[in-house]
Amino acid sequence: MPGLALAAALALGLGGVPAWGDSQDRAAIERGRGRILALEQLVRQVSALLPGRLLEAELDDDDGRLEYELKWLLPDGRRLEIELDARDGTWLSLQGPRLETAFRRTPAPAAALPGDKR
């Protein structure tokens with residue numbers, strides 16, 4: 001199972017091998033039990049909001065709540081620390097410099113043209 005997570009990380013183009021430490025085995029067990037989401041799924045969700053790539057991931061038990069702790073590298077070199085609830089992907093914490101400029105910008109909805117009947 002550890003090789004599967006590694007292969008998935010590489011297939012996602014995460015730019016290298018995220019460091020897992022001993023938490024990779026625990027993550028595989030908890031995923032097998034259906035208690036947590038796949039890291040790959042959460043990385044895709046983070047990627048939709050933040051440019052850059054995953055540097056490191058760790059599964060941590062914080063007073064009985066399983067959390068993924070991610071180290072994220074933005075294209076401009078800034079590093080962010082993200083904590084997500086491993087059960088449902090809820091963002092618990094985000095730390096790093098100049099966070100107000102870190103997120104992807106979503107395009108504004110197109111304005112209706114005169115005579116456009118949407």
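About the cut-offs
- Residues numbered from 1 in each chain as written.
- Predicted model: local features only at pLDDT ≥ 70, side-chain atom pairs only at ≥ 80, totals over all residues.
- Heavy atoms only, no water.
- Helix = DSSP H or I, 4+ residues; strand = E, 2+ residues; numbered from the N terminus.
- Buried < 20%, exposed > 50% of the residue type's maximum accessible area, 1.4 Å probe, protein only.
- Patch = residues over 30% accessible without salt bridge, like charges linked within 9 Å, V, L, I, M, F, W, Y side chains within 5 Å.
- Areas by Shrake-Rupley, 256 points an atom, 1.4 Å probe, with all protein chains shown as cover.
- Salt bridge = Lys/Arg side-chain N within 4 Å of Asp/Glu carboxyl O.
- Pairing = 2+ DSSP bridges.
- Axes fitted to C-alpha atoms, helices over the stretch in contact; angles between N-to-C directions.
- Contact = heavy atoms within 4.5 Å.

Draft legend 1. Focus on unusual backbone geometry. Phi is positive for aspartate 63, which is not a glycine, with a value near 55 degrees. Locating aspartate 63 in the fold gives a position in the loop between strand 1 (53-62) and strand 2 (65-73). When its relative accessible area of 79% is taken as the criterion, aspartate 63 is described as exposed.

Draft legend 2. Looking closely at a nonpolar patch on the surface. A contiguous nonpolar surface patch, about 240 Å² in accessible area, is contributed by Leu49, Trp91 and Phe103. If you trace the backbone, phenylalanine 103 turns up in the segment after strand 4 (91-95).

Draft legend 3. Just the sheet that holds strand 2, in detail. The strand order across the open sheet formed by 4 strands is 1-2-3-4, and the pairing between neighbours is antiparallel. In the strand order of this sheet, the two ends are held by strand 1 and strand 4, each with one partner. Looking at each pair of strands side by side, their axes are set apart by 15 degrees on average, direction ignored. The sheet contact formed by strand 3 (residues 79-85) and strand 4 spans 4 bridges and is antiparallel. Its bridge partner lying in strand 4, isoleucine 82 is registered against leucine 94. Where helix 2 (residues 23-32) meets the sheet, it contacts strand 1 and strand 2, and its direction lies at approximately 70 degrees from that of strand 1. Sitting on the sheet, helix 3 (residues 39-49) is in contact with strand 1, strand 2, strand 3 and strand 4, with an inclination near 50 degrees to strand 2.

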